[in-house]
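Structure assessment
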Amino acid sequence: MAEVVLIEDIEASATRLGIDLSSVDLDSIQLPPGEDFGIKSDDDDDLYQEDPLEFEAGFGNIIVVDNLPVVPPEKFEKLEGVIRKIYSQIGTIREGGIWMPVNPETKKTLGYCFIEYNTPQEAELAREKTNGYKLDKSHIFAVNLFDDFEKYMKVPDEWKAAEIKPYTPGENLQQWLTDEKARDQFVIRAGSNTEVFWNDPRQLMPELVHQRQYWTESFVQWSPLGTYLATVHRQGAAVWGGATTFNRLMRFAHPQVRLIDFSPGEKYLVTFSSHEPSNPRDTHRIVINIFDVRTGKLMRDFKGNVDEFATGGSGGVSGISWPVFRWGGGKEDKYFARMGKNVISVYETETFTLIDKKSMKVENVVDFSWSPTDPILALFVPELGGGNQPARVSLVQIPGKEELRQKNLFSVSDCKMYWQNNGEYLAVKVDRYTKTKKSTYTGFELFRIKERDIPIEVLELDNKNDKIVAFAWEPKGHRFAVIHGDGPRPDISFYSMRTTLNTGRVSKLTTLKAKQANALYWSPAGRYIVLAGLKGFNGQLEFYNVDELETMATGEHFMATDIEWDPTGRYVATAVTSVHEMENGFHIWTFSGKLLYRISRDHFYQFVWRPRPPSLLSAEKEEEIAKNLKKYSKKYEAEDQDVSMQLNEQDRRKRKLLQEQWNEWVTKWKQLHEEERQLRIELRDGVVSDEEEEYEAKEVEVEEVLDITEEVVVFDLDQE
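Description of the structure in this document.

Definitions and cut-offs
- Residues numbered from 1 in each chain as written.
- Predicted model: local features only at pLDDT ≥ 70, side-chain atom pairs only at ≥ 80, totals over all residues.
- Heavy atoms only, no water.
- Pairing = 2+ DSSP bridges.
- Helix = DSSP H or I, 4+ residues; strand = E, 2+ residues; numbered from the N terminus.
- Axes fitted to C-alpha atoms, helices over the stretch in contact; angles between N-to-C directions.
- Core = buried A, V, L, I, M, F, W, Y, C linked by side-chain atoms within 4.5 Å.
- Buried < 20%, exposed > 50% of the residue type's maximum accessible area, 1.4 Å probe, protein only.
- Contact = heavy atoms within 4.5 Å.

With that settled, the discussion passes to the sheet that holds strand β32 (residues 479-484). Strand order in the open sheet formed by 4 strands is β31-β32-β33-β34, and the pairing between neighbours is antiparallel. In this open sheet, the two edge strands, each paired with only one partner strand, are β31 (468-473) and β34 (507-512). On average, each strand axis in the sheet is tilted by 20° relative to the strand beside it, whichever way the strands run.

Set out below in structure tokens:
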């Protein structure tokens, strides 16, 4: 449709052209089909009825860029080109979407501009990416959303003191640790129900603590120290706490959140969401928020397309590996980091900004991991230039970014790093090519982190061509276990980093031949390990004492999918989740392999023990308790005996109840037998007695004709 023209403009044009409009017969003018030149007919109101225009509710897709150079008119085009080049890389700028106001007196720009994107998401991303962008030494961009100005204008001119609310003491979130029976809790999800239980091995059954239907829309997750239980919802995440009440403590707004992660010290919660783009040709948009757990305050957010977050970690969604950010520096929650292309970005939580305001450049880095106890990063860089530049593993101290140790590796196919939970050792599993490069073999580089100059040992298996199925460090110890072999029954070898004869050399303790195992589960207290055969091995379990190098027990949980030790190392849970349609539920075992009880649940999704915080006792005090365990254990042995007597009493009552039920059943049928006595006499033709001894048994032979066969004989009369 053409642009609407005012009648005054038409008359002015006619006068200029020397046309007398009064002499023009408008009815004789034939317009092209469908064209009215902006003049609607009164008869066609219904035909040309237009839908009401939809206006945007705000200006969320507009940003204001401040601290631009002030330029004269001849440099307008150049400055606009620079701005467009920077901001068009982030999103689509609408036609005519860049406007730079001009001082009417000097005709120069005012040093700021407005940029209009297609979507508010692009505007948010532009603010995130370019706020603080350094155009030159004198011009550092200050970027805000246009809508933010309205928020700032509402700030009152006069300061008003905040209302101080009276202090109300909250629930003791560590109360569950004071359980008199020293029991542990666990949470399960089955169907739409989420339930928290005490593990009560004395009663041979769990004790229900709290349950809710539709408590979460996705999964539940304990915080690392067991203080909080987190749930996931469409609107965001929530944390709950307590021993029995599980009141909601805080909510964290994050629409469509899909994954969450706590910092090791529980101070921060990281939430993740992935959003489909409006344009099918664009990639998913990622939003990661970091909240303070206690206050719910958003400390930092990270937004971008999927390509910016698609490196590092294991598992995840939408092409993103999880966790994107990995926490380091022990339980102080001081640092977190993520990997990008040729960089490791390390942030500190005091200001939630990059250390030294820049990322650490590491060319071609493909993996990194933190020490569990110290601010030390382990980095892996693969070979470059066809092997001319070797692969390497580096240890870097944070925040100084000082390289503590480096090891060059040659002919490397793949590499994986395993930290011991005390941060004393780092094992690097290295897959190397043979000389022909047609196959690979595996060895281990063992770093002694706490020793002077961080010495490194090389360990190769007796058969270095064996495939490594699993590797696991002993928690709080100096040993590790390896499952290796190519056959259906691999071997399991145990090694120690410290022996009585030679404390500075790794040595093999033993090798168990031909085991039905493909996973290793150490007790959190060390010493004991479960050698598990999951998936193809259908839940074979072997409970092994590494101190004595002997098998304590074997068992089976058919189709088991998950195995988890309780935080004290006393009990083990094995579970069959809804990956399988049948046999859903969980079993509880002692550390020595005795099955305590079984619980079945349809549509069983999750079993998670509640973690415990580290012991407040010193290592010396724990050692003293271990030496005098018999003295301390007398109290608990007496309690166990009382419980055993209670169980015996319960068992006696149960047997008595069964006996009473049996007697009641017998009495009922005797009464029915007596009521039918007359009927039985009539059926016996008047014989009264029911006793079998008073009857005489007679054998009677009865002949019965079953069939008659006729034989027909034909004679030939003509034959002599």
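Next, the rest of the story.
The pairing of strands in a sheet comes from backbone hydrogen bonds and takes either a parallel or an antiparallel form. Sheet architecture is open: 4 strands sit in the order β27-β28-β29-β30, paired in antiparallel fashion. On the outer flanks of this sheet lie β27 (412-419) and β30 (456-460), each paired with one strand and no other. The sheet shows a mean angle of 20° between the axes of neighbouring strands, taken without regard to direction. By the bridge criterion, 7 bridges tie β27 to strand β28 (residues 425-433) in an arrangement that is antiparallel. Across the sheet, residue K416 finds its bridge partner in β28, namely K429.

Turning our attention to unusual backbone geometry. The amide bond that connects W322 to the next residue, P323, takes the cis arrangement and shows omega of 0°. As for its position among the elements, P323 is in the loop between β17 (298-305) and β18 (326-328). Between I398 and the following residue, P399, the backbone shows a cis peptide bond with an omega angle of 15°. By the secondary structure assignment, P399 is in the loop between β25 (391-397) and β26 (402-409). Although it is not a glycine, I454 sits at a positive phi angle of roughly 50°. By secondary structure assignment, the location of I454 is in the loop between β29 (440-448) and β30. For R527, which is not a glycine, the phi torsion comes out positive at approximately 75°.

Grouped together as the largest cluster of nonpolar side chains are 21 residues, with contacts concentrated most on I63, V65, I83, Y87, I115 and Y117. Those elements giving two or more residues to this core turn out to be β1 (62-66), α2 (76-87), β2 (93-99), β3 (112-117), α3 (120-130) and β6 (142-145). Per-element tally for this core: the top contributor is α2, with 4 residues. Other than its neighbours up to four places away in sequence, I63 contacts Y87, C113, F114, I115, Y117, A123, A126, V143, N144, L145 and F146. With 18 residues, the next largest nonpolar core counts I286, I288, V324 and Y347 among its residues.

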